[in-house]
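Close look at the chain arrangement
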Amino acid sequence: MDTEPTTSNKKNEKCNTNNPRLIAESGGRCMSTQAMQSLYNFRQNNLLCDAILRLEDGGVFPIHRAILSACSAYFRTLFTTTLHSREKTDILLPGVTSPMMNLLLEYAYLRSVDVNHENVCELLITADYLGIVGVLDLCCEYLRESLTPENCIGVMRFARQHFCKKLENDAYRFTIGHFVEVSQRSEEILQLSIDELKPLVGTDELNVKSEQTVWELVLKWINYDPEPRKYYIVDLMRNIRLGLLDTQFFLENVKDHPYVVGNDACRPIIIETLKFLYDLEMITQKDGEVPTPEIARPRVPHEILFAIGGWSGGSPTNYIETYDTRADRWIPIEETDPTGPRAYHGLAVVGFDIYVIGGFDGVDYFNSCRCFNAVTKVWREVAPMNVRRCYVSVAVLNDLVYAMGGYDGYHRQKTAERYNYKTNQWSLIASMNVQRSDASATALNDKIYITGGFDGHDCMNTAEVYDPSINQWTMITAMRSRRSGVSCISYHGCVYVIGGFNGISRMCSGEKYKPSTNSWSHIPDMYNPRSNFAIEVIDDMIFAIGGFNGVTTTYQVECYDEKTNEWYEATDMNICRSALSACVIMGLPNVYDYIHKHRERLMEEKRQKLLAHEVRRGQHQLQDQQQPRHASQLNQIIPTPPPLPR
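Quick look at the structure, then. Bear in mind the structure is a predicted one, so any value in this text is a computation, not a measurement. The numbers attached to residues start from 1 for each chain and follow its sequence in the written order. At least 70 in pLDDT is required for a residue's local features to be given in this predicted model, at least 80 for side-chain atom pairs to be given and counted, and no such filter applies to totals for whole chains, interfaces and linings, which use all residues. Neither water nor hydrogens contribute to the side-chain values; these are computed over all heavy atoms in the structure.

Concerning empty space enclosed by the protein
Here a cavity means grid points, on a 1 Å grid over the protein atoms only, where a 1.4 Å probe fits yet cannot get out; a pocket means an open set of points with protein on both sides within 12 Å along at least five of seven lines; lining residues are those with an atom within 4 Å of a point. Grid points are joined across faces, edges and corners, and a volume is the space filled by probe spheres set on the points. Evaluated as defined, the whole model comprises three cavities of 30 Å³ or more. Empty space within the largest cavity amounts to approximately 80 Å³. I308, G309, T317, N318, I320, D337, G340, P341, R342, H345, V356 and W379 together form the lining of the largest cavity. Counting only elements with at least two residues in the lining of the largest cavity, the list comes to β6 (303-312) and β7 (315-324). Three residue categories are used. Nonpolar comprises Ala, Val, Leu, Ile, Met, Phe, Trp, Tyr, Cys and Pro, charged comprises Asp, Glu, Lys and Arg, and polar comprises the others, including Gly. Its residues assigned to classes, the lining of the largest cavity comprises five nonpolar, five polar and two charged. Its volume calculated, the second largest cavity comes out at about 50 Å³. Surrounding the second largest cavity, L68, C71, S72, F75, M101, L104, L105, A108, L130 and I132 form its lining. Counting from the N terminus, the helices are DSSP H or I runs at least four residues long and the strands are E runs at least two residues long. Elements that contribute at least two residues to the lining of the second largest cavity include exactly α2 (65-71) and α4 (98-110). With four residues, the single largest contributor to the lining of the second largest cavity is α4. In the lining of the second largest cavity, the residues fall into nine nonpolar, one polar and no charged.

Here we look at the packing of α4 against helix α5 (residues 120-130)
Axis definition: a line fitted to C-alpha atoms, limited for helices to the stretch in contact. Angles are taken between N-to-C directions and run from 0 to 180 degrees. Two numbers describe how α4 lies on α5: the axes approach to 10 Å, and their chain directions differ by 65°. Classified by the angle between their axes, α4 and α5 sit roughly perpendicular to one another. As for how α4 packs across α5, the hand of that crossing is right-handed. Contacts from M100, M101, L103 and L104 of α4 reach α5 at E122, L123, T126, A127 and L130. Classifying every residue of the contact of α4 with α5 by side-chain character gives seven nonpolar, one polar and one charged. Note on angle classes: values under 35 degrees are labelled roughly parallel, values over 145 roughly antiparallel, values of 65 to 115 roughly perpendicular, and the remainder oblique. Whether a crossing is left-handed or right-handed is set by the direction in which the near helix is turned from the far one by less than a right angle, anticlockwise for left-handed and clockwise for right-handed. What makes two residues a contact is simply this: any of their non-hydrogen atoms within 4.5 Å.

Digging into the environment of K514
Its location among the elements puts K514 in strand β23 (residues 510-514). K514 sits 18 residues away from Y496 along the chain, and the two C-alpha atoms are 9.1 Å apart. In this structure, K514 is in contact with C494 and S519, ignoring residues within four places of it in sequence.

Some points on the packing of aromatic side chains
Pairs were defined over the aromatic rings of Phe, Tyr and Trp, the Trp ring being its six-membered one, requiring ring centres within 6.5 Å. Orientation was assigned from the angle between planes: stacked under 30 degrees, edge-to-face over 60, tilted for the rest. In total, this model carries 25 aromatic pairs according to the counting rule given. Geometrically, the ring pair formed by F75 and F79 is stacked, given 5.8 Å between the ring centres and 15° between the ring planes. With F75 and F79 both in helix α3 (residues 73-80) and four residues apart, this pair spans about one turn of that helix. With a 1.4 Å probe rolled over the protein chains alone, any residue whose accessible area is under 20% of its type maximum counts as buried; one over 50% counts as exposed, and the rest are partly exposed. Judged by relative accessible area, F75 falls into the buried class, the value being 2%. You can call F79 buried: its relative accessible area is 14%.

Regarding the pattern of salt bridges
Salt bridges are defined as contacts in which a side-chain nitrogen from Lys or Arg sits within 4 Å of a carboxyl oxygen from Asp or Glu. Overall, the coordinates contain 30 salt bridges when judged by the stated rule. For R173, the salt bridge goes to E205, with nearest N and O atoms at 2.5 Å. Placement of the pair is R173 in helix α8 (residues 165-177) and E205 in the loop between α10 (194-202) and α11 (212-224), with a sequence separation of 32 residues.

Thoughts on helix α14 (residues 247-254)
Taken together, the buried positions of α14 are occupied by F249, F250 and V254. Viewed end-on, α14 has its buried residues packed into an arc of 100°, placing them on one side of the element. Where α14 begins, the capping side chain belongs to D246, and its oxygen is found 3.1 Å from the backbone nitrogen of Q248. Arc definition: it is the arc formed by the directions from the helix axis to the C-beta atoms. For the purposes of these results, a polar contact is taken to be a pair of N or O atoms within 3.5 Å, where, inside protein, one atom must be able to donate a hydrogen and its partner to accept one; residues adjacent in sequence count only when each atom of the pair is a side-chain atom.

Observations concerning the sheet that holds strand β13 (residues 393-397)
Paired strands, in this sense, are two strands between which DSSP finds at least two bridges. Read from one edge to the other, the open sheet built from four strands follows the order β13-β14-β15-β16, with strand pairing classed as antiparallel. The open sheet has two free edges, formed respectively by β13 and β16 (425-429), since each of these has just one partner strand. Across the sheet, the mean angle from the axis of one strand to that of its neighbour is 25°, orientation sign disregarded. Where strand β15 (residues 416-420) and β16 come together, five bridges link them in antiparallel fashion. Paired with E417 across the two strands is L428, which belongs to β16.

Here's the deal with the side chain of D539
Along the chain, the position of D539 falls in the loop between β25 (534-538) and β26 (541-545). Of note is the side chain of D539, whose polar atom sits 2.7 Å from the side chain of R326. If we ignore the near neighbours within four places in the chain, the residues touching D539 are K209, E303, T325 and R326.

Section: the environment of R577
Structurally, R577 can be placed in the loop between β28 (566-570) and β29 (581-586). For R577, a relative accessible area of 0% gives the class buried. As a C-alpha pair, R577 and A343 span 234 residues in sequence and 9.6 Å in three-dimensional space. One polar contact links the side chain of R577 to the main-chain carbonyl oxygen of G309, over a distance of 2.8 Å. A distance of 3.0 Å separates the side chain of R577 from the backbone oxygen of Y319, its partner in a polar contact.

Side note on the layout of surface pockets
Of the volumes computed, that of the second largest pocket is approximately 1,000 Å³. Surrounding the second largest pocket, 40 residues form its lining, L347, V394, A441, E536 and A582 being those nearest its centre. Partitioning the lining of the second largest pocket into residue classes produces 25 nonpolar, 11 polar and four charged.

Regarding the nonpolar core
Working definition of a nonpolar core: buried Ala, Val, Leu, Ile, Met, Phe, Trp, Tyr and Cys residues. They are joined through side-chain atoms within 4.5 Å. With 89 residues, the main nonpolar core has I233 and M237 as its most contacted residues. The element that contributes the greatest number of residues to this core is α4, accounting for nine residues. With near-sequence residues (within four places) excluded, M237 lies in contact with W215, L242, V254, V260, C266, I269 and I270. Of all hydrophobic cores here, the second largest spans 19 residues; its members include I354, V356, A374 and W379.

A few points about unusual backbone geometry
Across the chain, the bulk of peptide bonds are trans and the bulk of non-glycine residues have phi less than zero. For Y391, which is not glycine, the phi dihedral falls at a positive 60°. Turning to its location among the elements, Y391 is positioned in the loop between β12 (379-382) and β13. For Y391, a relative accessible area of 5% translates into the label buried. One non-glycine residue, N518, lies in the positive phi region at around 50°. With respect to the helices and strands, the residue N518 is situated in the loop between β23 and β24 (519-523). Since its relative accessible area comes to 34%, N518 is described here as partly exposed.

A look at the sheet that holds β26
With antiparallel pairing, four strands are arranged side by side in an open sheet as β25-β26-β27-β28. The open sheet has two free edges, formed respectively by β25 and β28, since each of these has just one partner strand. When strand polarity is set aside, the average angle formed by the axes of neighbouring strands in this sheet is 25°. Pairing geometry for β25 and β26, over five bridges, is antiparallel. Opposite I535, over in β26, you have A544 as the bridge partner.

In structure tokens, the structure reads:
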């Protein structure tokens, strides 16, 4: 089992570090360093010791029984039980080596222990055997912090063998959360038994964008030892969502695979999948409700995209919806901000907290900031910024929130500030080189990049970068296009800048900046022009969400995949809105609160949507045959656009 360390495993100090006489102990209690060091020196010199431990490898350790009894259930029972006819003072301790005993005694006396990848497994086993819970917890924490795709399966099995339930669960969560990397890089997963592999690939919470990943892992597992394992293809296929595979991939790679063709028990599964794929084509011709079969029920996403606030129907909104990438559905969320709506604000995520920063409610320009905890679902006020900022640009770097530029109702801002959630305090940093409102910012390579915007006179094509280590902004090569109401995001080592307003029209073009060459290059156009839209990366794709297309606000969403260098249409939001903001949270413990609740009804929902679309298409065909509307009539049906920067 590979347990290469990723972090140092020194205990977190919970005591007052200004007092040199205190040393951290498990649970945050404190003890005198001087007293414990004296006792440790006594033990090393065999002074005032009242027992001896003898090990099978010849090691002899004088000890103080009270000290060991205080941290070990084993020694507490050994030294305090009344079942012995006389006190135990000379003990033969089987199954423990001298190096481990030295480490455990150091912990018993000094509450410090050096856990590393070479000793962690033996140390955990020995601490478990002797009931030294503090060391056991430290070993589990070390293994937890050292989890990688290569070792997580081994850590999970090791934890199960030694009844470390929390570590086992954490390793399991890591495995399903990083399943793509695990399936590609882990040798340990190939050594799982069929009874271990089946529930792993069958769980709803397996984090896979495509079921092709699961199919390829199953084949890899069988090919590791094909003769006895190829008969398990039936059991494993029942745990793959075959109905979610690309139809062409299923026909070419699954249906006629030798393992499948050579096993008659696979036929019903193949027939069920083909029937589903055929029904998908004929779904609108079905009578009655169409259920979603097990083979096509989407798994649970590990990332949740939140879209919050914005401008809709001529006024600001506090509407919140989340995007379930696996079900491809937007879900309305009830827990809106009770203080009211805001638009042209920024969002920042630190842990499970979503910070809503600045903005505008149609009357007031905000310096206030609100915080929504996605686990507790509680809203709270946090410290206000030093400056009112509507059209603010926000980015997060090393858990610090940066707010830059914006409009205070009178002036475009060039100032910038930084929020530390630990102190609940904003502090001003170096100002940008130019005034910017309606710009967009992102973090990349430990720096903050801000692009485009409006300076009060012109839409801008300039961009600059902030280095927090020297508190300095530096201009970079200008973009190819002027862009206000733009969105930018870091993606695959570059800064992607998309859409916006160039002073004449809304844009569908995009470009990306490569820091190593200080140069911009073109990317494919979006399907829809838009400004003041939200942008996020989820499922390794860039999502462009909502916005203003030059005529109206939109609910349309599209996504860009660099692997194919193409944009794709995604499911529309529930309401039209621009000036919204979005963020992504990973690993929510209450993820089920934010995903589509009725996954068994997805097929029926799709059928109803297609039927409604056919009805609308028929209505539009009738309208096209009628006299075109007069311009004055068109003005009545086109929503008023949101306010533009003044």
